[in-house]
There are 2 protein chains.
Amino acid sequence: MCNGMKIIRDIAEMQKLCLSLKRKGRTIGFVPTMGSLHKGHISLIQRARRHNDFVVVSIFVNPIQFSPGEDFKKYPRDLVLDSAICRKERVDVIFYPESRKLYPQAFRTYVEVKGPSDVLCGKFRPGHFRGVATVVSKLFNIVQPDRSYFGQKDIQQLIIIKRMVEDLNMPIDIIAMPTVRDSDGLALSSRNIYLSPSQRQDALAVPNSLKIAQSLIKDGLRDARKIKNIISKLIRQRMTIKIDYIEIVDHLSLEPVRKVGNGSVLALAVRVGRTRLIDNLVVRL
Amino acid sequence: MCNGMKIIRDIAEMQKLCLSLKRKGRTIGFVPTMGSLHKGHISLIQRARRHNDFVVVSIFVNPIQFSPGEDFKKYPRDLVLDSAICRKERVDVIFYPESRKLYPQAFRTYVEVKGPSDVLCGKFRPGHFRGVATVVSKLFNIVQPDRSYFGQKDIQQLIIIKRMVEDLNMPIDIIAMPTVRDSDGLALSSRNIYLSPSQRQDALAVPNSLKIAQSLIKDGLRDARKIKNIISKLIRQRMTIKIDYIEIVDHLSLEPVRKVGNGSVLALAVRVGRTRLIDNLVVRL
């Protein structure tokens, strides 16, 4: 659109606009986010911009994907900065809905991908992926995208969304984009701002151990248990880090594998102080 | 379409056709069925035909909405007769998908309306409404209807689908059509063919008791417990009928009410021999 970026709060207005674009045969690229945009998000937006007529970025910190005691309230929010970023990237619309409109009192419907939602992060964040699948379903129905973009950093989320789209026959292409890292190797995350400088230093054990795993696999190591033990030892050297899990799983079912193969996913989650960080490596042989 | 009705089995073909119609701004009316079409279905189809450019009827006996031991295998199927009916009613496409294509091995995603799915029939058919909500979500994503038509006979299904569409922001109007009855008063159902002549005679206690309830309410009776007791006694006079439930509930939450008001739903389910029948009365004051 030549008349600049719009911020739309109203669900019906957003949906009406997108339906009318579809009826005119325009393609819609969609990047769902919780805001606090970083270079990872920007890579998704730029890809959406290149391949679609119209680009929508949603900014919504989704309450139903946070467990009690998690960081829903303190999750970073900065619409001014996010808007500037989106405007620079020539986003057409920021969809910025209100929680009480997306989840009115009578709300009762949930979308759940059974199996992949219950392992890895799902064990530590019960209900999280049900919250993700539900809000993404809602946003897809409102924004009516042809293509939607997700970062490989949140690989379990990516796999669950792909499964959901296929299972529910949603006519949407899910495009995965590589994890973007800071110069020190830490995967970009809106939660990185919670880290003190020394915690951040310790957190680098995560990407560093993944790099070591990658080179061990390249050198021929295939035993999943051995690889996990090596990574576990490397990370445990940093006293401030607690490991939630280190797993090597199949990239479709998310079930554990014994022998690493092409497409296997080495996924891990750790806590550095009160900050939960995740990272992963998709094995390419 | 001027070149006659099509039967489409392929999911991708069906979806592609509907998406291309939408891009041309044509409206799609959709009647999801399990086949074995009767006058109840025909009233839905005729309404769809009047109000939409393009009419799709799906015929699919959905395995995931049947519990073990229910009548999935013996559920009546007659595509030849159903096709003739649809052709006569100027349906554009019958969508007739294969179960193994809708539910491949890797299928894991379910849509669930918590609360309304767990009461009334949901108590007696665990998982039934999850199966319904899931398949209807899938069919909606494939057929992309502007409007979809449901009979008031299956009132819990209707209420759950309405709730789902609103909760998940699906851009679809759900149109409810009145229950169609045979000349003896029995609500039309594909399952009525299971009844022997004497069972059918006994089954008439259901519509007859609803009629009596209606006139009692018209005369000023509002006490839900009293009304339920009266109906219960009337039905129990027929020895072959077993009552699953008789409830008077709110038309949105499906929670029981003590005092009958406008929009209250008197819903019941009985078994006549091995045949399960449902019926209901929506109170209009």
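Residues numbered from 1 in each chain as written. Chains lettered and ligands numbered in written order. Predicted model: local features only at pLDDT ≥ 70, side-chain atom pairs only at ≥ 80, totals over all residues.

We now examine the domain arrangement of chain A. Residue and element names in this part refer to chain A. Here chain A is described as being made up of domain 1 (6–177) and domain 2 (190–279). One C-alpha centre belongs to domain 1, the other to domain 2; they are set 26 Å apart. With 13 residues of domain 1 in contact, the opposing surface of domain 2 contributes twelve residues. Secondary-structure elements contributing two or more residues to the side of domain 1 that touches domain 2 are α5 (121–124) and α7 (155–167). With three residues, the top contributor of residues to the side of domain 1 that touches domain 2 is α7. For the side of domain 1 that touches domain 2, a count of residues per class yields nine nonpolar, four polar and no charged. (Domains from an automatic or database assignment. Contact = placed C-beta atoms within 7 Å. Helix = DSSP H or I, 4+ residues; strand = E, 2+ residues; numbered from the N terminus. Nonpolar A, V, L, I, M, F, W, Y, C, P; charged D, E, K, R; others polar.)

Here the focus is the environment of Pro-197 of chain B. Checked against the element boundaries, Pro-197 of chain B lands in helix α8 (residues 197–203). Spatially, the C-alpha atom of Pro-197 of chain B lies 25 Å from that of Ile-42 of chain B, the residues being 155 residues apart in sequence.

Turning next to the interface of chain A and chain B. With 29 residues of chain A at the contact, the number on the chain B side is 29 residues. Secondary-structure elements contributing two or more residues to the side of chain A that touches chain B are α1 (11–23), β5 (109–113), α6 (128–143) and α7 of chain A. Each residue belonging to the side of chain A that touches chain B can be placed in one class, and the counts come to 14 nonpolar, seven polar and eight charged. Here β5 of chain A runs beside strand β5 (residues 109–113) of chain B; their pairing, made up of five bridges, is antiparallel. Directly across from Tyr-110 of chain A, in β5 of chain B, lies its bridge partner Glu-112 of chain B. (Pairing = 2+ DSSP bridges.)

For the rest of this paragraph, the subject is the relation of the copies chain A and chain B. Overlay of chain A on chain B (RMSD 0.0 Å): rotation 180 degrees, translation along the axis 0.0 Å. Considering both components of the superposition, the chain copies are consistent with a two-fold axis. Same-surface contact between copies: 100% of interface residues of chain A are shared with the interface of chain B. (Least-squares fit on C-alpha atoms with pLDDT ≥ 70 in both.)

Before going further, it helps to examine α7 of chain A. Residue and element names in this part refer to chain A. When the terminal C-alpha atoms of α7 are compared, their 18 Å separation across 13 residues agrees well with the 18 Å that a helix rising 1.5 Å per residue should span. Within α7, ten of the 13 residues are buried, which leaves it mostly tucked inside the rest of the structure. Looking only at α7, the buried set comprises Ile-155, Gln-156, Gln-157, Ile-159, Ile-160, Ile-161, Arg-163, Met-164, Val-165 and Asp-167. Positive phi shows up at Asn-169, right after α7, with a value of about 60 degrees. (Expected span 1.5 Å × (residues − 1). Buried ≥ 20, exposed ≤ 12 C-beta atoms within 10 Å, placed from the backbone.)

Moving on: helix α9 (residues 205–218) of chain A. Side chains of residues three or four places apart in an α-helix project in the same direction, reflecting 3.6 residues per turn. All names here are of chain A. For α9, with 14 residues, the first-to-last C-alpha span of 20 Å sits near the 20 Å given by 1.5 Å per residue. Among all positions in α9, only Val-206, Ser-209, Leu-210 and Ala-213 are buried. Across the axial projection of α9, the buried residues extend over an arc of 105 degrees, all falling on one side. In α9, the exposed positions that point more than 90 degrees away from the buried face belong to Lys-211, Ser-215 and Lys-218. Tucked into the core, α9 has its buried residues touching α8 (197–203), α10 (224–236), β9 (265–272) and β10 (275–282). Looking at the residues trailing α9, positive phi occurs at Gly-220, about 115 degrees. (Arc of directions from axis to C-beta.)

This brings us to unusual backbone geometry. All names here are of chain A. Not every positive phi belongs to a glycine, and Leu-120 is a case in point at roughly 45 degrees. Its identity as a non-glycine residue notwithstanding, Gln-144 has a phi of 55 degrees, on the positive side. Assignment of secondary structure puts Gln-144 in the loop between α6 and β6 (147–151). Residue class for Gln-144 comes out buried when judged on the 22 C-beta atoms lying within 10 Å of it.

Residues and elements named next belong to chain B. Following the sequence through the fold, Gln-199 ends up in helix α8. When the 18 C-beta atoms within 10 Å are taken as the criterion, Gln-199 is described as partly exposed. For the pair formed by Gln-199 and Glu-13, sequence separation is 186 residues and the distance between their alpha carbons is 44 Å. Apart from residues lying up to four places away in sequence, Gln-199 is in contact with Thr-240, Val-272, Gly-273 and Thr-275.

Now for the confidence of the model for chain A. Low-confidence regions, as indicated by low pLDDT, have predicted coordinates that should not be scrutinised in detail. Looking at chain A as a whole, the pLDDT averages 96, with 99% of positions reaching at least 70. In the predicted assembly, ipTM is 0.96 and pTM is 0.97. (pLDDT = per-residue confidence, 0-100.)

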